Amino acid sequence: MTLTRQQALDYFESPDLIGLGFEADAVRQRLHPEGVVTYIIDRNINYTNFCTEYCTFCAFYRPLKGPKVGEGYILDFEKIYEKIAETVEMAEPGC
C-alpha cells in the first residue's frame, strides 16, 4: 500500500497518537508477519545547551545572556568521547 500525500498530511496533523501507533503496528505486522521486532540504539550528543532561538516549547536550552546563563554548558572533547564510548558499549551484543 502506498501512502498518498493527503494521507501522510492527515497522519502528520492527527492528534490521535495512539491510533497512529496502531496503524503503524498494523503495517509492521503486514510487512513482517513473523512477529519479530527490533530496535536501534541511538543517541544525540548535545555538546551544548546554549541556544539563540528561544523556543516556547523547549525546556532544554539555556540563553546566552541573563539569569539562567550559568545553567548552560559546553562539553569538552574528553566528555564527548566518553559519551561516544558509552553509546558504543550499549550497542555491543549482549548488553
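Computed from a predicted model, the values in this text were never measured in an experiment. Positions within a chain are numbered from 1, following the residues in the order the chain's sequence is written. Predicted model: local features are reported for residues with pLDDT of at least 70 only, side-chain atom pairs are reported and counted for 80 or more only, and whole-chain, interface and lining totals are derived from all residues. The side-chain quantities take in all heavy atoms of the structure and omit both hydrogens and water.

## Re the environment of Gln-7
Logical step 1: Along the chain, the position of Gln-7 falls in helix H1 (residues 5-13).
Logical step 2: A C-alpha to C-alpha distance of 14 Å links Gln-7 and Gly-19, two positions twelve residues apart in sequence. For the purposes of this entry, the term helix denotes a DSSP run of H or I that reaches at least four residues, the term strand denotes a run of E that reaches at least two, and both are numbered from the N terminus.

## Details of the packing of aromatic side chains
Logical step 1: Stacked, tilted and edge-to-face are the three classes applied to pairs of Phe, Tyr and Trp rings, where Trp contributes its six-membered ring and a pair requires centres within 6.5 Å; stacked means planes under 30 degrees apart, edge-to-face means over 60, and tilted covers the rest. A complete count under the given rule lists one aromatic pair for this structure.
Logical step 2: Aromatic pair Phe-77 and Tyr-81: ring centres 6.2 Å apart, planes at 25 degrees, arrangement stacked. Separated by four residues within a single helix, Phe-77 and Tyr-81 lie in helix H3 (residues 77-91), roughly one turn from each other.
Logical step 3: A relative accessible area of 60% means that Phe-77 is categorised as exposed. To sort residues, take the accessible area from a 1.4 Å probe on protein chains only and compare it with the maximum for the residue type: under 20% means buried, over 50% means exposed, and anything in between is partly exposed.

## A short note on the environment of Glu-71
Logical step 1: Positionally, Glu-71 belongs in the loop between helix H2 (17-31) and H3.
Logical step 2: Through-space distance from the C-alpha of Glu-71 to that of Asn-49 is 8.8 Å; in sequence the pair is 22 residues apart.

## Considerations on the pattern of salt bridges
Logical step 1: Within this document, salt bridges are pairs made up of a side-chain nitrogen of Lys or Arg and a carboxyl oxygen of Asp or Glu, the two lying within 4 Å of each other. In the structure shown here, the tally under the stated rule is four salt bridges.
Logical step 2: Residues Asp-25 and Arg-28 are paired through a salt bridge, measuring 2.8 Å at the closest nitrogen-oxygen approach. Of this pair, Asp-25 and Arg-28 both sit in helix H2, three residues apart, which is roughly one turn of that helix.
Logical step 3: The exposure class of Asp-25 is partly exposed, given its relative accessible area of 27%.
Logical step 4: Across the pair Arg-43 and Glu-86 runs a salt bridge, and its minimum N-O distance is 2.9 Å. With Arg-43 in the loop between H2 and H3 and Glu-86 in helix H3, this pair connects stretches of sequence that are 43 residues apart.
Logical step 5: Using a relative accessible area of 38% as the deciding quantity, one classes Glu-86 as partly exposed.

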